[in-house]
Amino acid sequence: MTNPRILVLGTGGTIAGSAVSATSAAYQPGGLSLEAMLGNLAGLELAAELIPQEVAQIGSQDIGWPQWQALHAACAGALADPAITGVIITHGTDTAEETAFLLDLTLPAGKPIVLVGAMRPADAVGADGMRNFANAARVVSDPAAAGRGVMLVMGDGVLAARDARKAATSSIDAFKSFPRGAIARVTPARLDWFGPPHRVGEKARFAWPEALPRVAILAAGAGMDEQPVKALLGIGCKGIVLAGMGQGNAPACVIAALAEAAAGVPVVRSSRVDEGIVDRNVEVDDDGLGLIAARALGPAKARVLLMVLIANGITDTGQMQAAFDAG
Ligand code: ASP
């Protein structure tokens, strides 16, 4: 039997990070080339053929449209190539959930696409990157990974793109999966799926757009006023995501300004709280004010979905709400 052929797309991040010393806190994300990083795999005897392609060497706080376009095109090419088993994307952890969700929304689920990162730079003591990479290779190589959409492999957990969320700044166990838990547990020696794929359908949910519109996240805080809403409209935002308090709440003057804004651009209420579902019409009259509830999506992923919806010309509030209900 021939080994699986895995396209490895490098973008940088801590997994390719290079530290001042093995024990220092300071490091440069993306300091190592993909080739140098994959050189660290020698000796792991991975039963897979890796085909490296460097897309970027950056911290994922700088990722955006040019890198997303390159990643989407490379993944689409790999999905169409019968010789490729699947894709691993090495990525910084800060925005891994956004890239993963964007690709999940816009690519078919046929072959596995796995994002992998690390919390410790490649040359730090106790570095987690190569273990995470070996785990990712095991996931992509498993025929049962097909049909599950884009996944994130971190700390021996396999998380679905729409559930994964970075919840700690530096802990090795930084990712949470909400509202569904991890879909599998993986180690370099073993992989256990916890059930059948829960992604619905194999086709891409949305077309890849020609550009993404400017959509901003407005963070709610006690005592704030409505001026930031006006400022966002003033700079031409095509949509606003509220990172609200609790159930997606904000002071009455802010909700009133958002309702006014919703006459012209879509406004989504999400929560700044780490976990929880923002439902419609709980403390805010979404029906009356024309607002959309983010449901299980946190602010970062709600923004990704809103950008994709607007770019696909979906502007009807009911249709948008249905997309958020589906996650
Ligand atoms: N700032 C880094 C990044 O997202 C953090 C990491 O990779 O863990 O690229």
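Here's what I pulled together on the structure shown here. Per chain, residue numbering runs from 1 following the sequence as it is written. Given that this is a predicted model, residues contribute local features only at a pLDDT of at least 70 and side-chain atom pairs are listed and counted only at 80 or more, while totals for whole chains, interfaces and linings are drawn from all residues. Note: side-chain values were computed over all heavy atoms of the structure, leaving out hydrogens and water.

## Topic: the pairing of strand 1 (residues 5-12)
Regular strands have side chains that alternate between both faces of the sheet. Of all 8 residues in strand 1, 7 are buried; the element is thus mostly enclosed. In this sheet, strand 4 (residues 49-58) lies alongside strand 1 in parallel orientation, the contact comprising 7 bridges. Paired with Arg5 across the two strands is Glu49, which belongs to strand 4. Three labels apply to residues, based on accessible area from a 1.4 Å probe with only protein chains included: buried if under 20% of the type maximum, exposed if over 50%, partly exposed otherwise in between. Counting from the N terminus, the helices are DSSP H or I runs at least four residues long and the strands are E runs at least two residues long. A pair of strands is treated as paired once DSSP finds two or more bridges between them.

## Re the sheet that holds strand 15 (residues 267-271)
The strand order 13-14-15-16 describes an open sheet built from 4 strands, whose pairing is parallel. With one partner strand each, in any of the chains shown, strand 13 (215-219) and strand 16 (292-293) form the two edges of the open sheet. The pairing of strand 15 with strand 16 spans 2 bridges and is classified as parallel. Across the sheet, Arg269 pairs through a bridge with Ala293, a residue of strand 16. Helix-sheet contacts for helix 6 (residues 252-261) involve strand 13, strand 14 (239-244) and strand 15, and the interaxial angle to strand 14 is about 160 degrees. The contact criterion used throughout is that any non-hydrogen atoms of two residues lie within 4.5 Å. Angles here are taken between N-to-C directions and fall from 0 to 180 degrees, while the axes themselves are lines fitted to C-alpha atoms, restricted in helices to the stretch in contact.

## What to know about the site of the ligand
Working definition: residue near molecule or strand if any one of its non-hydrogen atoms lies within 4 Å of it. If you check the shell around the ligand, you find Gly13, Thr14, Tyr27, Gly59, Ser60, Gln61, Gly92, Thr93, Asp94 and Ala118 and nothing else. Here an oxygen atom of the ligand sits 2.4 Å away from a polar atom, N or O, in the side chain of Thr93. With the chains in place, 94% of the 270 Å² that the ligand exposes on its own is no longer accessible. Amino acid classes used here: Ala, Val, Leu, Ile, Met, Phe, Trp, Tyr, Cys and Pro are nonpolar; Asp, Glu, Lys and Arg are charged; the rest, including Gly, are polar. Per-class residue counts for the shell around the ligand are 2 nonpolar, 7 polar and 1 charged. Here a polar contact is recorded for every N or O atom pair within 3.5 Å, except that within protein the pair must consist of a potential hydrogen donor and a potential acceptor, and residues adjacent in sequence are included only if both atoms are side-chain atoms. Note on areas: Shrake-Rupley with a 1.4 Å probe; residue coverage comes only from the protein chains shown.

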